[in-house]
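# Geometric and topological summary
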Amino acid sequence: SGRWFLSLLGECVKDVWGNYNLPFFNGLLSILFMGISACMVIEILEIKNEWFCALLGGITIVFPPIASGMLFSFTVHYYTLAILLSVAGVWCVKQRKIVLYILGDLLFACSLGIYQAYFPFAASLLILTLIKMCLDETYSWKQVLLASFKFLSALLIGYILYRILLQICLVVYDQSLNSYQGINEMGNIDLRQLPHMVIQTYT
């Protein structure tokens, strides 16, 4: 189902740790990953108010998709790691060093390789960063425009890297994508259908 990095992580953990499901350990590890993610979101959005920081930390852990994810104790730590990777990717891309920008792209690809659903979360964080820049008078419209191209290119490169690494894994493991939720048609968009898809999305 396109989760190449999840398979690799599972194999590594199985070789080192064994094939065990320890809900208490997995849950604690997940909370740790989400706690670090919350701290990084606070850093990304430059939140200074201590009450907002505490509230964000609390909401991050008890948010329904995360809380319900705890029911899948055998994989929840992988999924929360995917969230951490996507947040860390945003943090890296936001910096001004090219090395961190490339690392951010790779983190996006790895996050997608665990669970594709968190890619929009990374995009949302980048959009919130742009909105914050628009509200800040110290940034010119040119800086905001350049940042938007930088963020968009990072997401695009991250997706391309994900597809390349996915294809390599499919060849190495002699596998093909399954048809679940149309995952085997991922990336195949008929441009004539694009307006209809946008309308359907808004609806």
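The preceding data block contains the structure.
The present account deals with the structure reproduced in this document.

Basis of the calculations
Residues numbered from 1 in each chain as written. Predicted model: local features only at pLDDT ≥ 70, side-chain atom pairs only at ≥ 80, totals over all residues. Heavy atoms only, no water. Axes fitted to C-alpha atoms, helices over the stretch in contact; angles between N-to-C directions. Helix = DSSP H or I, 4+ residues; strand = E, 2+ residues; numbered from the N terminus. Left-handed = near helix turned anticlockwise from the far one by under 90°. Contact = heavy atoms within 4.5 Å. Nonpolar A, V, L, I, M, F, W, Y, C, P; charged D, E, K, R; others polar. Phe/Tyr/Trp six-rings, centres within 6.5 Å; stacked < 30°, edge-to-face > 60°. Buried < 20%, exposed > 50% of the residue type's maximum accessible area, 1.4 Å probe, protein only. Core = buried A, V, L, I, M, F, W, Y, C linked by side-chain atoms within 4.5 Å. Salt bridge = Lys/Arg side-chain N within 4 Å of Asp/Glu carboxyl O. Patch = residues over 30% accessible without salt bridge, like charges linked within 9 Å, V, L, I, M, F, W, Y side chains within 5 Å. Areas by Shrake-Rupley, 256 points an atom, 1.4 Å probe, with all protein chains shown as cover.

## As for the packing of helix 2 (residues 23–44) against helix 3 (residues 50–62)
- Two numbers describe how helix 2 lies on helix 3: the axes approach to 9 Å, and their chain directions differ by 140°. Here helix 2 and helix 3 pass one another in a crossing that is right-handed. Listed contacts from helix 3 to Ile31, Met34, Gly35, Ala38, Val41 and Ile42 of helix 2 are Cys53, Leu56, Gly57, Thr60 and Ile61.
- Considering only residue class, the contact of helix 2 with helix 3 consists of 8 nonpolar, 3 polar and no charged.

## Some points on the environment of Tyr20
- If you trace the backbone, Tyr20 turns up in the loop between helix 1 (4–16) and helix 2.
- For the pair Tyr20 and Phe74, spaced 54 residues apart in sequence, the C-alpha separation works out to 8.3 Å.

## A few points about the packing of aromatic side chains
- With the rule as written, the count across this model stands at 5 aromatic pairs.
- Arranged with centres 6.4 Å apart and planes meeting at 90°, the rings of Phe108 and Phe119 form a pair that is edge-to-face. Pair noted here: Phe108 is in helix 6 (residues 98–114) and Phe119 is in helix 7 (residues 119–135), with a separation of 11 residues, a long-range link.
- For Phe108, a relative accessible area of 1% translates into the label buried.
- With a centroid separation of 5.3 Å and 70° between ring planes, the pair formed by Tyr115 and Tyr118 is classed as edge-to-face.
- By relative accessible area, which is 26% here, Tyr115 ends up partly exposed.

## Brief notes about the nonpolar core
- Among the nonpolar cores identified, the biggest contains 47 residues, and Phe108 and Ile114 are the most heavily contacted of them.
- Of all elements in the fold, only helix 1, helix 2, helix 5 (76–94), helix 6, helix 7 and helix 8 (141–172) reach the threshold of two or more residues within this core.
- A total of 12 residues in this core trace back to one element, the largest contributor, which is helix 5.
- Setting aside chain neighbours within four positions, we find Phe108 in contact with Ser86, Gly89, Val90, Val93, Phe119, Ala122, Leu126, Ala154, Leu155 and Gly158.

## Considerations on the pattern of salt bridges
- All chains considered together, the criterion is met by 2 salt bridges.
- Put simply, Glu46 and Lys94 hold a salt bridge, and the shortest N to O gap is 3.4 Å. Residue Glu46 is located in the loop between helix 2 and helix 3, and its partner Lys94 is located in helix 5; the two are separated by 48 residues in the primary sequence.
- Its relative accessible area of 24% is what places Lys94 among the partly exposed residues.
- For Lys132, the salt bridge goes to Glu46, with nearest N and O atoms at 3.8 Å. Taken together, the residues span a long stretch of sequence, with Lys132 in helix 7 and Glu46 in the loop between helix 2 and helix 3 at a distance of 86 residues.
- When salt bridges with common partners are traced through the structure, they connect Glu46, Lys94 and Lys132 into a single cluster.

## Quick look at the environment of Tyr118
- Secondary-structure assignment places Tyr118 in the loop between helix 6 and helix 7.
- Since its relative accessible area comes to 17%, Tyr118 is described here as buried.
- A sequence separation of 28 residues divides Tyr118 from Leu146, and the C-alpha atoms of the two residues are 24 Å apart.
- With residues near it in sequence (within four places) discarded, Tyr118 still touches Tyr79, Ala82, Ile83, Ser86 and Ser111.

## Considering a nonpolar patch on the surface
- There is a patch of nonpolar side chains on the surface, built from Val13, Val16, Trp17, Tyr20, Leu22 and Phe25 and spanning about 640 Å² of accessible area.
- With respect to the helices, strands and loops of the structure, Trp17 is situated in the loop between helix 1 and helix 2.
- Given a relative accessible area of 45%, Trp17 falls into the partly exposed group.

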